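# Fold and geometry: a report
Single-letter residue listing:
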Amino acid sequence: MRKKVLVSIVVCPLIMLLSAFSWAESHPIELTSDDCVKCHQGEAWDVVERGGLHKTEVGCMDCHEEHPPQGEVTIPTCDSCHGPEDHAHYTLENCVSCHHPHYPQEMDFAQMDEVRAVCLTCHSDQNRQMEVHPSEHAGLDCKECHMAHGEATECMECHEAHAQDMVYKDCLSCHKPHRPTAIEFDGDVSSALCSGCHEGPAQEIEERGAAHQEVGCIDCHKQHPPSEEGVIPACAVCHGREESPHYALENCASCHHPHYPQEMDFAQMDEAKAACLTCHSDQNRQMEVHPSEHAGLDCKECHMTHGEAAACRECHEPHTEEEIHEDCQHCHKPHKPLAVTYTGDIPSSLCMSCHNRAGKDLAQTTTKHHGLQCVYCHKNEHKAVLQCITCHGQPHDFAIHGKYPDLDISLDCVGCHQNAHAPSQTMNAHMMAQECRTCHLEQKTETEKHPSAHAATSCVECHYDSHGFITSCAECHEKPHATGVDDTGCIACHPPHSPLEVSYSEDIANHICAGCHSDVSDKLSGSDEGHAFLQCVLCHADKHGYVPTCQDCHEATTHSEEMLKEFKGCPDCHGKAHVLKLQEP
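Per chain, residue numbering runs from 1 following the sequence as it is written. This being a predicted model, a pLDDT of at least 70 is required before a residue's local features are given, and a value of 80 or more before pairs of side-chain atoms are given or counted; all residues contribute to the totals for chains, interfaces and linings. Calculation of side-chain values draws on the structure's entire complement of heavy atoms; hydrogens and water are dropped beforehand.

## Regarding the overall build of the protein
Using the following cut-off: Where helices and strands are cited, they refer to DSSP runs of H or I of at least four residues and of E of at least two residues respectively, numbered from the N terminus. Our radius of gyration looks at C-alpha atoms and nothing else; its globule reference is 2.2 Å times the residue count to the power 0.38. Each residue is assigned to one of three classes by its accessible area relative to the maximum for its type, calculated with a 1.4 Å probe on protein chains only: buried under 20%, partly exposed between the two thresholds, exposed over 50%.
If you tally the helices and strands in the protein, you get 29 helices and zero strands. A globule of 585 residues ought to have a C-alpha radius of gyration of about 25 Å, yet the protein, at 63 Å, is considerably larger. For the C-alpha atoms alone, the extent of the protein along its principal axes is close to 225 × 70 × 50 Å. Taking all 585 residues of the protein together, 22% fall into the buried category.

## Observations concerning the nonpolar core
The following threshold applies: The set of buried Ala, Val, Leu, Ile, Met, Phe, Trp, Tyr and Cys residues whose side-chain atoms join them within 4.5 Å is what this entry labels a nonpolar core. What makes two residues a contact is simply this: any of their non-hydrogen atoms within 4.5 Å.
Counting residues in hydrophobic clusters, the biggest one holds 10 residues: Ala-163, Met-166, Cys-171, Cys-174, Ile-183, Phe-185, Val-189, Leu-193, Cys-194 and Ile-218. Once you skip the residues sitting within four places of it in the chain, Ala-163 turns out to touch Ala-192 and Leu-193. Ranked by size, the runner-up nonpolar core spans nine residues in total, among them Ala-482, Val-485, Ile-508 and Val-537.

## What to know about the pattern of salt bridges
Applied cut-off: By definition here, a salt bridge exists when the distance from a side-chain nitrogen of Lys or Arg to a carboxyl oxygen of Asp or Glu is within 4 Å.
This structure, assessed with the given rule, holds nine salt bridges. A salt bridge links Arg-208 to Glu-263, with the nearest nitrogen and oxygen atoms 2.7 Å apart. Taken together, the residues span a long stretch of sequence, with Arg-208 in helix 10 (residues 199-208) and Glu-263 in the loop between helix 11 (217-220) and helix 12 (273-279) at a distance of 55 residues. Counted as one network, the salt bridges with shared partners bring together Asp-46, Arg-50 and Glu-106.

## Here we look at the state of the cysteines
The criterion, for reference: Disulfides are defined as pairs of cysteine sulfur atoms found within 2.5 Å of each other.
In the structure shown here, the tally under the stated rule is zero disulfides. Summary of cysteine pairing: Cys-81 is not part of a disulfide, and the nearest cysteine sulfur, belonging to Cys-63, is at 5.7 Å. Taking the relative accessible area as the measure of exposure, Cys-81 reaches 53% and is therefore exposed. The closest cysteine sulfur to the non-disulfide-bonded Cys-299 is located on Cys-276, 4.0 Å from its own sulfur.

## Thoughts on the side chain of Ser-353
By the secondary structure assignment, Ser-353 is in the loop between helix 15 (348-352) and helix 16 (356-364). Excluding its chain neighbours within four sequence positions, the residues that come into contact with Ser-353 are His-319 and Thr-320.

## Comments concerning the environment of Asp-170
Along the chain, Asp-170 turns up in helix 8 (residues 168-172). A sequence separation of 95 residues divides Asp-170 from Asp-265, and the C-alpha atoms of the two residues are 38 Å apart. If we ignore the near neighbours within four places in the chain, the residues touching Asp-170 are Asp-165 and Leu-193.

## Some thoughts on the packing of aromatic side chains
We count it as follows: A pair of Phe, Tyr and Trp rings is counted when the ring centres sit within 6.5 Å of each other, with Trp represented by its six-membered ring. The angle between the planes then sorts it: under 30 degrees is stacked, over 60 is edge-to-face, the rest tilted. Each ring is checked for a lysine NZ or an arginine CZ that lies within 6 Å of its centre and within 35 degrees of its normal; such an atom marks a charge sitting over the ring.
Enumeration according to the criterion identifies zero aromatic pairs in this entry. Between Arg-50 and the ring centre of Tyr-103, over which it is positioned, the NZ or CZ distance is 3.7 Å. Sitting over the face of the ring of Tyr-376, Lys-379 holds its NZ or CZ atom 5.0 Å from the ring centroid.

Here you go:
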């Protein structure tokens, strides 16, 4: 019984299994790509990670329709999906020499002799670029730059960089790899990149570009030949005629170089003035308001290049040999040279180079005007004259001003003080003759106290030339008292305003006294006694006519008292004081 049960247990499953195989053969199960993965994990991983369109567009069963041993190993030909009618690339043979079926986009061109013909069947746009814009790149096989599909060698592996710190992306902003000589800007190109090829223009702008230093290269050069011709824009793009009359002029390049627009060579122009004055309106206005020979000249006569001017001495004689160009401009502005103006710090020496007479007068005057700079009175503008009253107010008392009620004191001081540069030395003596004593009180007192012919004479008779002038005594008094006596000798005894009050100093020479007292002088000179060797003023001290007594010098005890009683005085024995000859009894 037990054996029958065991046989039943073994035989029944076998019968069921055989029945299942028999059913499967008559009813096959449909497999999916998920079933393939269970055995072909590596291949599945390649497709998932690297398969490209083979991952998303097809499954395993689309290519591998059968599986051994039931079927043959079936790897279909590529043209099963990629028909020649779809694309020129699909007409090529031996696809697997480039493409692996599980990762068809990963191609190793290094394994091929030449890939260009193959590449260009897909990359027709790059082919067209190389045909239209031939270059050295166009003669290379594609694998020289593309070792693997989708990768490219960086430019600096073959080419020198234009600028320091330049990267691959910078190259592409100007050069497209398949038409590198057809330069075309892509985005914002740094001027530093342009200078790599255009070093000269870049340096010109950096050193001399003026306002153009603030603009980038591609602000003006929007593109680069040969991709686009006429890449130098018209000046009016930035400098519109509505902004300035100067921008309405034509042919800008005849004066301005685009890279250094401020450096203009006017020598190349027939006439520059019309163009210059469209910018320099202030100078134009100066020449119109203040006509001069300068206003009739063309600008280039003085300005050979923009911003430079000829030195004044190239055309004009300087006022002094030491004068330089800057000194000229202290007074003369180039576009209105006749309207002489100056600042408050101009040195008087420059003024005196033209006004030398006034300079000499100021140098010689003893008044406070001597210490003033010319611009103190002649402020800011040539021929400007400060009114005397500005500094002096009403300088004299009513005794003088009251006698000239018709004079405007602020203007007519020169009626008396004829030269403001020497106001005391150039007074109108004739006009002021009656007013001298108003100021000269000491002389007034002297003439009143000591009447003389001088006191009765008008001041102007002696002081006729200018204030402070003193005439020579010999003009009125024909001969001096002694030979060789000059005005100083006269005044040594005769004060001009009290000439009869003869007085003298203790060092006056005897020969001056002899001019009047010749008889006495002869007696003294003929004597051999002690008085002959004395100065006249030793005895006749201090005052003319003074006669001392003998006792002023000689003591009375020289002789005995009895002897002195017998004589009336010293002369009884010694004679005259100028002779001193002992008298006979």
